[in-house]
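Breakdown of the fold
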Amino acid sequence: MKDKKFIWMVIGAGPAGIAAVGKLLDSGVSEKNIAWMDPYFQVGDLGAKWKNVSSNTKVDLFIRFLLDCKSFTYQERPKPFPIDHLDPDATCQLKYVAEPLQWITGRLQKRVTTYKDSAATLNLMGGNWEVKTDKHLYTAKNVILATGCVDKTLSHPELETIPLETALNYEKLKETVTAKDTVAVFGSSHSSMLILADLVKLKVKKIINFYKSTHFYAVDLGEWILFDNTGLKGAAAAWAKKNIDGTLPKNLKRILTTDLSFEENLSLCNKAIYSIGFQNRKLPILEQSEKMTYNNKTGIIAPGLFGFGIAFPEAKYDPLMNLEHRVGLWKFMEYLNTIIPIWLRYTN
């Protein structure tokens with residue numbers, strides 16, 4: 001089945017996909033020329049998996065994201081959302097931003113053409129992209145991939161794996177571990193610290209934190225933040241300063257992965273949590289190319305094909321020339337404000 005041709009198609013309805021649709025509309029692209037594809041339209045993984053995670057982003061930046069795009073019509077919300085009443089300088093659980101994003105998704109769905117579907121392959125034919133799913137063929141001159149990421153894992157089949165989604169939800173984690181467990185936690189990131197804190201709180205028998213490198217703290221320097229994308233912030237930073245840099249809890253042990261005692265300590269564990277970062281979700285296959293790359297300053301992948309969001313972050317040097325990949329809702333919006341005008345001219 002072949003559907004109508006569009007000028008723009010956005011694949012993915014997480015925060016990045018929502019922002020892409022909104023900014024296309026803000027830029028004057030006609031509603032009838034925009035298609036939006038996602039299997040669920042439930043704010044992506046943020047809405048489905050990470051609602052109960054403590055963010056490392058201040059409430060104020062979430063509000064700025066919601067207000068920056070005119071097509072979000074956030075000012076027209078029928079009543080304030082809970083996030084509107086939170087301390088703007090504090091961090092919060094992601095559920096507080098997921099709720100207004102779901103409302104915005106519904107508003108945008110009424111304006112553009114939406115398809116509850118998943119792209120399988122992309123093929124450039126005659127200056128247009130054919131987007132194939134299991135049952136349909138869609139055509140668009142330009143495609144934005146806002147497909148998100150999945151968490152990385154390691155292979156230790158002798159250990160029971162606790163999925164990261166479970167580990168970052170206290171109530172689910174509480175149902176998964178017991179006081180008899182010795183849990184291996186891999187990683188030293190923001191998520192790792194939140195998990196370690198909850199396992200300590202749950203009083204499991206032993207927690208062994210395996211890590212590759214030391215952690216850093218984000219430092220607010222006024223006009224910019226040192227280690228903004230890689231440093232610990234908020235609740236994770238507060239806990240790490242007290243319990244990692246201060247006094248280790250009695251049931252917590254930390255082991256470098258290069259330490260000679262690694263295997264010995266791993267053998268003591270019966271469960272494992274991998275908090276070691278994220279990797280691109282399986283992307284639609286480009287039929288003309290085996291490997292998909294993108295320009296990390298513009299998001300351009302190929303003529304009429306663009307990547308955006310956590311899977312395709314902007315690379316930028318801070319004032320001290322540290323190269324960081326910028327991930328976060330407000331950072332996505334700032335980036336989009338720069339590259340949307342480029343994309344619109346690039347496609348002419």
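Report on the accompanying structure. If you're wondering where the values come from, they're calculated on a predicted model, not measured in any experiment.

**Description of the pattern of salt bridges**
Counting across every chain of the model gives 14 salt bridges. One salt bridge in this structure joins K23 and D68, with 2.9 Å as the shortest N-O distance. Of the two residues, K23 sits in helix α1 (residues 15-26) while D68 sits in helix α3 (residues 59-68), which places them 45 residues apart along the sequence. A cluster of three or more residues bridged by salt bridges with shared partners is formed by K23, D26 and D68.

**Side note on the nonpolar core**
One finds W36, F65, I144, L199, I273, F308 and W343 to be the most contacted residues of the largest nonpolar core, which totals 76 residues. Take this core: its biggest share by element is nine residues, from helix α10 (residues 329-346). Apart from the residues lying within four places of it in its own chain, the contact partners of F308 are A16, A19, A20, I144, L145, A146, F332, Y335, L336, I339 and W343. Within the second largest apolar cluster, 22 residues are counted, among which are M37, L122, C149 and L283.

**As for the sheet that holds strand β11 (residues 182-186)**
A sheet is described by the order of its strands in space; here five strands give the open sequence β10-β16-β11-β12-β15, paired in parallel fashion. Strands with a single pairing partner mark the edges of an open sheet, and in this sheet they are β10 (160-161) and β15 (252-256). Pairing between strand β12 (residues 206-211) and β15: five bridges, direction parallel. By the bridge assignment, Y211 is partnered in β15 with L256. Taken strand by strand, helix α7 (residues 190-201) contacts β11, β12, β15 and β16 (271-274), and its axis lies near 165° from that of β11.

Definitions and cut-offs
Residues numbered from 1 in each chain as written. Predicted model: local features only at pLDDT ≥ 70, side-chain atom pairs only at ≥ 80, totals over all residues. Heavy atoms only, no water. Salt bridge = Lys/Arg side-chain N within 4 Å of Asp/Glu carboxyl O. Helix = DSSP H or I, 4+ residues; strand = E, 2+ residues; numbered from the N terminus. Core = buried A, V, L, I, M, F, W, Y, C linked by side-chain atoms within 4.5 Å. Buried < 20%, exposed > 50% of the residue type's maximum accessible area, 1.4 Å probe, protein only. Contact = heavy atoms within 4.5 Å. Pairing = 2+ DSSP bridges. Axes fitted to C-alpha atoms, helices over the stretch in contact; angles between N-to-C directions.

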